[in-house]
Amino acid sequence: MNRLYFHNQQHYGDCLISLDYLIGLSQSNNIECEFYCNPSYHSQLQELISENVNVFLSNSINQNSIDLWGAKLLHKVQEKYKDEYPLYCDNQPQYQDIFKLCFEMWKCLSKDLGLICPFNDKSQIMFDEHPISTVVNEKYDWLLVNSYCLSGQVRYSQQEQDNIFLEIIGKLKEKNKTFITTHKLRDYPSTQDKNLSLVQIAQLSKNCQVIMGVPTSPFWISINKWSFENCDKFINLTHDSCTYDLDNKFITVSCLDDVLTCI
């Protein structure tokens, strides 16, 4: 079986997206994919790789390795669309559509490799954790993704972000809404209390009515096929130019007041 080599030296969210592509690429083309990323990520990323998938995590970069960092790969998409790039959201035309960008990025790379792209439309960019054996049965009205961003998606300091989420929690309590955070705040329930992995947070997301947070890795993986079917809405708090856009389920906000109006 042919083996190809890939790497992504960026943060968790970048590596999650890359790994999801490689799993699909391996299955669609009957090839082996070896993937290097920060070894400290391996234990959680391994949970996404089922036994029948020929994708392997590596501790070193092969000399023939292909860089999967989106900032590099999107140059191909820019060349393809020229004046029509960047690709904007249908429902939020002031923002770039992450689903469209990733879909076109993987199409371009697959074509360059002479392989079948594992995705047929942008909706398939969402994660699909259904084959994963991990099950989390707890239910909450709101999942609050308040982990700290590492790529400048928001301009808040960590303390400012904590204060914002404390105000959100206060409003949720007034409305008698149940909630859980991904970063521990005071004595409020958190996925850190239970030491939930990213895959387990993805499982938990399927049992929440609203997923709200900053666009970091727990938010990324909470946007999956099964949560999309079960949740009422996703609220992305960001200062970035990119967001998520599909079937009117996504709301993008840039300040606390806009979040509070959604509660």
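The coordinates are above.
Report follows, based on the coordinates. (Residues numbered from 1 in each chain as written. Predicted model: local features only at pLDDT ≥ 70, side-chain atom pairs only at ≥ 80, totals over all residues. Heavy atoms only, no water.)

1. Examining the sheet that holds strand β9 (residues 233-237)
Put simply, the test is: Between any two strands, at least two bridges found by DSSP are needed for them to pair. Runs of H or I in DSSP of at least four residues are treated as helices and runs of E of at least two as strands, each being numbered from the N terminus. Lines fitted to C-alpha atoms define the axes, with helix axes restricted to the stretch in contact, and inter-axis angles between N-to-C directions lie between 0 and 180 degrees. Contacts were defined at the residue level, with two residues in contact if any of their heavy atoms lie within 4.5 Å.
Strand order in the open sheet formed by 5 strands is β7-β6-β8-β9-β11, and the pairing between neighbours is parallel. The sheet terminates laterally at β7 (179-181) and β11 (250-253), the two strands that pair on one side only. Across the sheet, the mean angle from the axis of one strand to that of its neighbour is 15°, orientation sign disregarded. Together, β6 (140-145), β7, β8 (208-213) and β9 form the strand contacts of helix α5 (residues 158-174), whose direction differs from that of β6 by roughly 175°. Contacting β6, β7 and β8, helix α6 (residues 198-205) runs over the sheet at an angle of about 145° to β6.

2. Examining the side chain of H183
Put simply, the test is: Counting of polar contacts relies on pairs of N or O atoms within 3.5 Å, with two restrictions inside protein: one atom must be capable of donating a hydrogen and the other of accepting it, and residues adjacent in sequence are counted only when both atoms are side-chain atoms.
In this structure, H183 sits in the loop between β7 and α6. Among the polar contacts listed, one links the side chain of H183 to the side chain of Y148, at a separation of 3.1 Å. Apart from the residues within four sequence positions on either side, H183 is in contact with N146, S147, Y148, D162, S190 and Q192.

3. Description of the layout of surface pockets
Filter applied, for reference: Residues are said to line a cavity or pocket when one of their atoms sits within 4 Å of a point; the points come from a 1 Å grid over protein atoms alone, cavities being sets where a 1.4 Å probe fits but cannot get out and pockets being open sets with protein on both sides within 12 Å along at least five of seven lines. Grid points are joined across faces, edges and corners, and a volume is the space filled by probe spheres set on the points. Classification convention: Asp, Glu, Lys, Arg as charged; Ala, Val, Leu, Ile, Met, Phe, Trp, Tyr, Cys, Pro as nonpolar; all other residues, Gly among them, as polar.
Roughly 1100 Å³ of volume is contained in the largest pocket. As for the largest pocket, its lining consists of 45 residues, and the residues nearest its centre are G13, D14, S151, Q153 and W220. At the level of elements, α1 (12-29), α3 (70-81), α4 (98-113), α6 and α7 (217-222) are the ones that each hand at least two residues to the lining of the largest pocket. Within the lining of the largest pocket, the residues separate by chemical class into 23 nonpolar, 20 polar and 2 charged.

4. As for empty space enclosed by the protein
The full count for this structure, using the stated rule, is 2 cavities of 30 Å³ or more. At 3 residues, the largest contribution of residues to the lining of the largest cavity is made by α1. Classifying every residue of the lining of the largest cavity gives 6 nonpolar, no polar and 1 charged. Elements supplying a minimum of two residues to the lining of the second largest cavity: β1 (3-7) and β2 (32-36). Counted by class, the lining of the second largest cavity contains 5 nonpolar, 4 polar and 1 charged residues.

5. A look at the packing of aromatic side chains
Each aromatic ring pair is summarised here by two numbers: the centre-to-centre distance and the angle between the ring planes. Formally: Here a pair means two rings of Phe, Tyr or Trp (six-membered ring of Trp) with centres within 6.5 Å. Their orientation is stacked below 30 degrees between planes, edge-to-face above 60, and tilted elsewhere. Each residue gets one of three labels from its accessible area relative to the maximum for its type: buried under 20%, exposed over 50%, partly exposed in between, using a 1.4 Å probe on protein chains only. A ring is scored as having a charge over it whenever the NZ atom of a lysine or the CZ atom of an arginine sits within 6 Å of its centre and within 35 degrees of its normal.
Within the structure shown, the criterion is met by 11 aromatic pairs. Ring geometry for Y12 and Y41: centres 4.0 Å apart, planes at 20°, overall stacked. In this pair, Y12 is assigned in helix α1 and Y41 in the loop between β2 and α2 (42-45), connecting sequence segments 29 residues apart. Judged by its relative accessible area of 10%, Y41 falls in the buried class. Seen in terms of ring centroids, F234 and F250 are 4.8 Å apart; in terms of plane orientation they differ by 20°. Their pairing is stacked. With F234 in strand β9 and F250 in strand β11, this residue pair connects regions lying 16 residues apart in the sequence. Look at F234 and you get buried, because its relative accessible area is 0%. Given a relative accessible area of 8%, F250 falls into the buried group. Among the aromatic side chains, those forming a connected cluster through ring pairs are F99, F219, W220, F228, F234, Y244 and F250. Of note, K249 hangs over the ring of F228, and the distance from its end group to the ring centre comes to 5.0 Å.

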